Amino acid sequence: MTADQQIKVAIADDHKIFRDGIKMALSGRNYIKIIWEAEDGKDLMHKMKIKQPDVLLMDIRMPEIDGANAIGLIRKEFEDVKIIVLTMYDDQEMITKMMEMGANAYLTKTTDPDEIYEAILTCMNDEFYFNDLVNKAVLLKLQYKKKVKQFYPNSVQFSEKELKILKCIAQDMTTEEISKEVFLSPRTIETIRQKMKEKVGAKTIAGLVMYAMRNRLLE
């Protein structure tokens, strides 16, 4: 990103003290501009239609419309918004549910402000932010094969090039790094990545990676 670019950030949480704390933690950070805040899910959806942010920091438990339902609504209308769940809950089933529904990152409210800032930048540059909390939840889900709603089909064929790109994505490589690895332009990588998501019905890179892990495509 260049110095003149700004990331428009919105905050949705029913506790004003916490919203104020996040605004203070992000104030003065490069590229960040807080454009609005919402006090509940209904307020959130109303303001989303007025001014769309690049990144939304949102709690799960909110009055009117809770975070889970809000993510579903946002993903139907605002596909490009990066959603970072920021909540008190670190329940593993909740984490995997939010990621499958379309969240780009999942953080707890005890997260250090520097990591919140890092998650915002990473989601903007690479679409998704993996941390230990998410990795553990995903791996445990695969290990114990918990019964959750399946968002993706079971049989999808990928080309050799797509599989190579998929493995690069799983290794947390950036678009530029993948471009150099497979000798394709960054724009072509973005196009292929989008087509792979469409193939499996995934809304985010997280969903694509989880599909690949579930079907042992990364071995």
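What counts, and at which threshold
- As a convention, each chain's residues are numbered from 1 in the sequence order in which they are written.
- With the structure being a predicted model, the display of local features is reserved for residues of pLDDT at least 70 and the display and counting of side-chain atom pairs for 80 or more, all residues being used for whole-chain, interface and lining totals.
- To obtain the side-chain values, all non-hydrogen atoms of the structure were used and water was disregarded.
- Going along the chain from the N terminus, every DSSP run of H or I of four or more residues is numbered as a helix, and every run of E of two or more is numbered as a strand.
- Between the two quantities, the radius of gyration covers C-alpha atoms and the globule rule is 2.2 Å times the number of residues to the power 0.38.
- Think of it in three bands: residues with accessible area under 20% of the maximum for their type are buried, residues over 50% are exposed, and the middle band is partly exposed, with areas taken using a 1.4 Å probe on protein chains only.
- Note on aromatic pairs: the rings of Phe, Tyr and Trp (six-membered ring only in Trp) are paired at centre separations within 6.5 Å, and the planes decide the class, stacked below 30 degrees, edge-to-face beyond 60, tilted for the rest.
- Distance and angle both matter: a charge sits over a ring if NZ of Lys or CZ of Arg is within 6 Å of the ring centre and within 35 degrees of the ring normal.
- UniProt positions are given in the numbering used here, feature names are shortened, and annotations may be inferred rather than shown by experiment.
- Salt bridge, as used here, is a side-chain nitrogen of Lys or Arg placed within 4 Å of a carboxyl oxygen of Asp or Glu.

The name an unreviewed UniProt entry assigns to the protein chain is Response regulator transcription factor, from the organism Flaviaesturariibacter amylovorans.

Q: So what exactly am I meant to see when it comes to the overall build of the protein chain here?
A: Check the secondary structure of the protein chain and you find 10 helices and five strands. On C-alpha atoms alone, the protein chain measures out to a radius of gyration of 17 Å, which is about the 17 Å that the 2.2 N^0.38 rule sets for 219 residues. For the protein chain, the spread of C-alpha atoms along the three principal axes comes to 50 × 45 × 30 Å. Per-residue burial for the protein chain yields a buried fraction of 48% across its 219 residues.

Q: Would you mind showing me how to read the packing of aromatic side chains here?
A: Each aromatic ring pair is described using two quantities: the centre-to-centre distance and the angle formed by the ring planes. Within the structure shown, the criterion is met by one aromatic pair. Over the ring of Tyr89 we find Arg61; its NZ or CZ atom is 5.0 Å from the centre of that ring. We note Lys109 situated over the ring of Phe18; from NZ or CZ to the ring centre the distance is 4.3 Å.

Q: How should I be thinking about unusual backbone geometry in this particular structure?
A: Positive phi outside glycine occurs at Glu127, with the angle close to 80°. Tracing the chain through its elements places Glu127 in the loop between α5 (113-126) and α6 (132-144). A relative accessible area of 15% means that Glu127 is categorised as buried. Positive phi, close to 65°, is recorded for Asp172, a residue that is not glycine. With respect to the helices and strands, the residue Asp172 is situated in the loop between α7 (160-170) and α8 (175-182). The class of Asp172 is exposed, set by a relative accessible area of 52%.

Q: Looking at this structure, how should I read the UniProt feature "domain: Response regulatory" (unreviewed entry) in the protein chain?
A: Following the UniProt record, one finds the feature "domain: Response regulatory" (unreviewed entry) at residues 8-124. End C-alpha atoms of residues 8-124 are separated by 11 Å, and the span's content is 46% helix alongside 22% strand.

Q: Hey, could you run me through the pattern of salt bridges in this one?
A: A side chain with one charge may pair with a side chain of the opposite charge, provided their charged atoms come close. By the definition in use, this model includes 12 salt bridges. For Lys23, the salt bridge identified is with Glu37, shortest N-O distance 2.5 Å. Taken together, the positions of Lys23 in helix α1 (residues 16-26) and Glu37 in strand β2 (residues 32-38) put the pair 14 residues apart, joining distant regions of the chain. Overall, the relative accessible area of 21% leaves Glu37 in the partly exposed class. With a shortest N-O distance of 3.0 Å, Glu127 and Lys197 are connected by a salt bridge. Pair noted here: Glu127 is in the loop between α5 and α6 and Lys197 is in helix α9 (residues 186-200), with a separation of 70 residues, a long-range link.

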